[in-house]
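# Observations on the three-dimensional arrangement
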Amino acid sequence: MDWMEIVSALALLMFIIVLLPATRNMMKNSAKGTLADWMGFVFPVVVVFLFIMLLVKLV
Amino acid sequence: MNQNYSTAAQGSSSAIATNKVLRSTYMLLSLTLLFSGLTAALSMFMNMPPMTYMISVIGGMVIAMFVLPRFANSSAGIGIVFLITGMLGFGLGPILSMYASLPNGGNIITLSLGGTGAIFMGLSAYALATRKDFSFMGGFLMVGFLLVLLAALANIFLQIPAMSLMISAVVIMIMSGFILYDTSRIIHGGETNYVLATIGLYMTIFNIFISLLQILGIMGNDD
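Parameters at a glance
- Residues numbered from 1 in each chain as written.
- Chains lettered and ligands numbered in written order.
- Predicted model: local features only at pLDDT ≥ 70, side-chain atom pairs only at ≥ 80, totals over all residues.
- Helix = DSSP H or I, 4+ residues; strand = E, 2+ residues; numbered from the N terminus.
- Rg over C-alpha atoms; globule rule 2.2 N^0.38 Å.
- Buried ≥ 20, exposed ≤ 12 C-beta atoms within 10 Å, placed from the backbone.
- Contact = placed C-beta atoms within 7 Å.
- Nonpolar A, V, L, I, M, F, W, Y, C, P; charged D, E, K, R; others polar.
- Expected span 1.5 Å × (residues − 1).
- Bend = angle between axes of the 7 residues up to and from the residue.
- pLDDT = per-residue confidence, 0-100.
- Axes fitted to C-alpha atoms, helices over the stretch in contact; angles between N-to-C directions.
- Parallel < 35°, antiparallel > 145°, perpendicular 65-115°, else oblique.

Here we come to the overall build of chain A. A count of helical and extended segments in chain A gives two helices and zero strands. Its C-alpha radius of gyration of 18 Å places chain A more than 25% over the 10 Å reference for a compact globule of 59 residues. For chain A, the spread of C-alpha atoms along the three principal axes comes to 45 × 40 × 10 Å. Looking at the 59 residues of chain A, the share that counts as buried comes to 10%.

This brings us to the environment of Ala162 of chain B. Considering the arrangement of structural elements, one finds Ala162 of chain B in helix α6 (residues 161–187). A C-alpha to C-alpha distance of 44 Å links Ala162 of chain B and Ser75 of chain B, two positions 87 residues apart in sequence.

On the chain A side, the residues contacting the 39 residues of chain B number 32 residues. Counting residues per element, the ones that place at least two in the side of chain B that touches chain A are α2 (51–71), α4 (105–130), α5 (138–158), α6 and α7 (194–219) of chain B. The biggest single contributor to the side of chain B that touches chain A is α5 of chain B, with ten residues. The residue makeup of the side of chain B that touches chain A, split by class, is 28 nonpolar, ten polar and one charged.

Working note: α-helix, 3.6 residues per turn, so residues spaced by three or four point in the same direction. Residues and elements named next belong to chain B. Look at α2: 29 Å from first C-alpha to last across 21 residues, which is about the 30 Å you get at 1.5 Å a residue. Of all the bends in α2, the greatest, near 40°, is centred on Ala64. When α2 is considered as a whole, its buried residues turn out to be Tyr53, Ser56, Gly60 and Ala64. Looking at the buried positions of α2, the neighbouring elements they touch are α3 (76–100) and α7.

Glancing now at the confidence of the model for chain B. Parts of the model with low pLDDT should not have their predicted coordinates read in detail. Overall, the prediction assigns chain B a mean pLDDT of 91, with 91% of residues at 70 or greater. The complex prediction reports pTM at 0.91, with the ipTM value standing at 0.92.

Quick look at helix α2 (residues 35–58) of chain A now. Here α2 of chain A is 24 residues long and its end C-alpha atoms lie 35 Å apart, about the 34 Å a rise of 1.5 Å per residue gives. Taken residue by residue, α2 of chain A has Gly40, Phe41, Pro44, Val48, Ile52 and Leu55 of chain A as its buried positions. Contacts made by the buried residues of α2 of chain A are with α4, α6 and α7 of chain B.

To characterise two packed helices, one gives the angle between the axes of the helices and the distance between these axes. Residue and element names in this part refer to chain B. The contact between α3 and α4 brings their axes to 7 Å, and the two run at 130°. Here α3 is positioned oblique relative to α4, judged by the angle of their axes. Contacts between α3 and α4 involve Leu96, Tyr99 and Ala100 on the former and, on the latter, Gly105, Gly106, Ile108 and Ile109. Residues of the contact of α3 with α4, tallied by class, amount to five nonpolar, two polar and no charged.

Checked against the element boundaries, Met203 of chain B lands in helix α7. It is 8.6 Å that separates the C-alpha atoms of Met203 of chain B and Met175 of chain B, two residues lying 28 residues apart in sequence.

This next bit is on the environment of Ser43 of chain B. All names here are of chain B. Structurally, Ser43 is set in helix α1 (residues 2–45). Residue classification places Ser43 among the buried residues on the basis of 22 C-beta atoms within 10 Å. Each C-alpha atom of the pair Ser43 and Gly189 lies 38 Å from the other, and the pair is 146 residues apart in sequence. In contact with Ser43, not counting residues within four places along its chain, are Met48, Thr52, Phe90, Gly93 and Pro94.

In structure tokens, the structure reads:
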């Protein structure tokens, strides 16, 4: 394991620790979405996924 | 009657303010992307070593998380945004040089760049056209992002190529969610600071581009 991997691991750990309180806060205060709201998110994400598949075919 | 006029006037001024934030965000985002492209080209020209990427990303993230929020409401905030995006662009140089040296590297870079642009513009257009409120996704996206960071941390020790491919794919999905979330926040007045809005959108574009490069690099390499 070289020093770059150790520094990357430490940096990732630091970001996780820093982001944890904000994540807890957002989890508590986020509005609850309805099924229709979630479908409005799932649809574009599925399109993005299919688009990536197309790019993989093209490369 | 007067109350109706007052409400209409308030609604109209709020819409104008939202449009102003949106316009300023897209203007600053375009300039920062251009600046990143210039610093990436400079870094490629200077033949910077691979560790430049790690140092730039850690430095850029630290400045974005701890310094930028203090200056976001002053003109210094714009300078800091250019510093962060310039650093991240500079860090991209060695990565782009590495991909450019592959047999079909030019194709991989072009497809990643075009793919990132298409994903960003498509999702932004979707959020702007539907005007849906995606604020309910905040907690979900943050938890997803934390889990991805944990998986990336684990994969530094495990070194599984399939896992890094999976992480890149999930990062693109989560960043796609963040584009919808951030754009929806601007539209609905949840984000009124265009400096913070710009850095949020820039980070999503940067992450999508890096992840696409990785996916297309692995899948396009027959060896």
